[in-house]
Amino acid sequence: MQLQQISVEILNQLITISNQLKDNEFRSPLSILSKNSIGKHIRHIIEFYDLMMVGHTTGKVDYDKRSHDKVLEENRVLAIEKMNTLGQEIMAISVDQPITMFANYSLDGNDPVTINTTLFRELQYNIEHAVHHMAIIKIALLNAFAEVRIPESFGVAYSTIKYQRDSECAQ
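These notes cover the structure that comes with them. Per chain, residue numbering runs from 1 following the sequence as it is written. At least 70 in pLDDT is required for a residue's local features to be given in this predicted model, at least 80 for side-chain atom pairs to be given and counted, and no such filter applies to totals for whole chains, interfaces and linings, which use all residues. To obtain the side-chain values, all non-hydrogen atoms of the structure were used and water was disregarded.

Some details on the overall build of the protein
Then, in step 1: Under the scheme used here, helices are H or I runs from DSSP no shorter than 4 residues and strands are E runs no shorter than 2 residues, and both carry numbers assigned from the N terminus. Of regular secondary structure, the protein possesses seven helices and three strands.
Then, in step 2: Listed by position from the N terminus, the elements making up the protein come as α-α-α-β-α-α-β-β-α-α.
Then, in step 3: Considered along the principal axes of its C-alpha atoms, the protein spans approximately 45 × 45 × 30 Å.
Then, in step 4: Within the protein, buried positions represent 42% of all 171 residues.
Then, in step 5: Here a residue-residue contact requires only that any non-hydrogen atoms of the pair lie within 4.5 Å. Taking contacts inside the protein between residues at least 6 apart in sequence as the whole, the part at least 24 apart equals 70%.
Then, in step 6: Summed over its atoms, the accessible surface of the protein is roughly 9500 Å², and 52% of this surface lies on carbon and sulfur atoms.
Then, in step 7: Counted as positive: Lys and Arg. Counted as negative: Asp and Glu, with His and the chain ends omitted from the count. The atoms used to mark charge sites are NZ of Lys, CZ of Arg, CG of Asp and CD of Glu. When the 16 basic and 21 acidic side-chain charges of the protein are each reduced to a single mean position, those positions are 4 Å apart. Relative accessibility decides the category of a residue: with a 1.4 Å probe and only protein chains considered, values under 20% of the type maximum give buried, values over 50% give exposed, and everything between is partly exposed. In these tables, accessible area is a Shrake-Rupley quantity obtained with a 1.4 Å probe, and a residue counts as shielded only by the protein chains included in the view.

Shown next, in the form of structure tokens:
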């Protein structure tokens with residue numbers, strides 16, 4: 001249950017941020033993000049989790065098959081609704097299961113790699129992937145939207161949080 005709870009915590013932090021942004025701020029291209037928006041980064045996180053949930057149903061996951069849904073990256077309310085739904089779906093996961101992951105690093109797209117993995121491994125991957133993008137979002141928020149209250153652990157790896165807490169206790 002730990003992986004599920006952490007994933008829901010991540011989604012809730014993204015919801016907290018999204019709720020504080022105006023619609024145009026959510027979708028505005030920012031120079032600090034190479035003309036990408038906070039909404040694009042949130043959409044990217046959502047789509048990875050969503051594809052993982054497809055893998056939960058089908059036994060197969062291919063993160064290259066993202067839809068790059070423009071509506072999801074531009075519509076803050078829809079993104080929030082999708083994150084709430086994903087949180088419920090993730091909390092319903094009760095057991096690990098094998099999953100076959102497909103990836104393609106060939107420039108011509110004709111040499112896919114097949115990797116045996118598990119649902120919990122992909123859930124762990126999605127946590128790390130989300131935290132990475134949240135760190136990027138945090139930079140944008142601090143630069144462009146200083147009035148947004150950012151959760152303390154937003155965009156910080158759980159291993160870093162634990163290390164910092166252990167270091168403080170040792171002093």
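Re the packing of aromatic side chains
Then, in step 1: Only rings of Phe, Tyr and Trp enter the pairing, Trp through its six-membered ring, and a pair is recorded when the two centres are within 6.5 Å. The plane angle decides the type: under 30 degrees is stacked, over 60 is edge-to-face, the rest tilted. Enumeration over the complete set of coordinates arrives at three aromatic pairs.
Then, in step 2: For the pair phenylalanine 48 and tyrosine 63, a centre-to-centre distance of 4.8 Å together with 5° between the ring planes defines the contact as stacked. One end of the pair, phenylalanine 48, is in helix H3 (residues 38-58); the other, tyrosine 63, is in the loop between strand S1 (60-61) and helix H4 (70-74), and 15 residues separate them in sequence.
Then, in step 3: On the basis of relative accessible area, phenylalanine 48 is assigned to the buried category, the value being 6%.
Then, in step 4: Geometrically, the ring pair formed by tyrosine 63 and tyrosine 125 is tilted, given 5.5 Å between the ring centres and 45° between the ring planes. Pair noted here: tyrosine 63 is in the loop between S1 and H4 and tyrosine 125 is in helix H6 (residues 119-144), with a separation of 62 residues, a long-range link.
Then, in step 5: Put simply, the rings of Phe48, Tyr63 and Tyr125 pair up and form one aromatic cluster.

Some thoughts on H3
Since one α-helical turn is 3.6 residues long, residues separated by three or four positions face the same way.
Then, in step 1: By definition here, a helix of n residues has an expected span of 1.5 Å times n minus one. Here H3 is 21 residues long and its end C-alpha atoms lie 30 Å apart, about the 30 Å a rise of 1.5 Å per residue gives.
Then, in step 2: Most of H3 is tucked away, with 15 of its 21 residues classed as buried.

Let's talk about the sheet that holds strand S2 (residues 98-104)
Then, in step 1: Here a strand pair is declared whenever DSSP counts at least two bridges between the two strands. In spatial order, the strands read S1-S2-S3; together these three strands make up an open sheet with mixed pairing. The two strands at the open ends of the sheet, each matched to only one other strand, are S1 and strand S3 (112-118).
Then, in step 2: Each axis is a line fitted through C-alpha atoms, and for a helix only the stretch in contact is used; angles between axes span 0 to 180 degrees, taken between their N-to-C directions. Sheet strands in contact with H6 are S1, S2 and S3, and its direction is about 105° off that of S3.

Some thoughts on the nonpolar core
Nonpolar side chains in soluble globular proteins tend to be buried together.
Then, in step 1: The term nonpolar core refers to a set of buried residues drawn from Ala, Val, Leu, Ile, Met, Phe, Trp, Tyr and Cys, joined through side-chain atoms within 4.5 Å. Counting residues in each nonpolar core, the largest one holds 43 residues, and the members touching the most others are Ile10, Leu14, Ile38, Tyr49 and Met83.
Then, in step 2: The residues contacting tyrosine 49, other than those within four sequence positions of it, are Ser7, Ile10, Leu11, Leu86, Ile90, Leu123, Asn126, Ile127 and Ala130.

Quick look at the packing of H3 against H6
Then, in step 1: The N-to-C vectors of H3 and H6 enclose an angle of 175°; their axes lie 9 Å apart at closest approach. Relative to H6, the element H3 is oriented roughly antiparallel.
Then, in step 2: All residues other than Ala, Val, Leu, Ile, Met, Phe, Trp, Tyr, Cys, Pro, Asp, Glu, Lys and Arg, Gly among them, are scored as polar; the first ten of these are nonpolar and the last four charged. Across the contact of H3 with H6, the residue classes break down as 16 nonpolar, six polar and one charged. Should an angle lie under 35 degrees it is considered roughly parallel, over 145 roughly antiparallel, and from 65 to 115 roughly perpendicular; all remaining angles are considered oblique.

Observations concerning the pattern of salt bridges
Then, in step 1: Salt bridges, as used here, are contacts in which a Lys or Arg side-chain nitrogen is within 4 Å of a carboxyl oxygen on Asp or Glu. As enumerated under the stated definition, the model contains seven salt bridges in all.
Then, in step 2: Between arginine 43 and glutamate 73 there is a salt bridge, and its shortest N-O distance comes to 2.9 Å. One end of the pair, arginine 43, is in helix H3; the other, glutamate 73, is in helix H4, with 30 residues separating them in the sequence.

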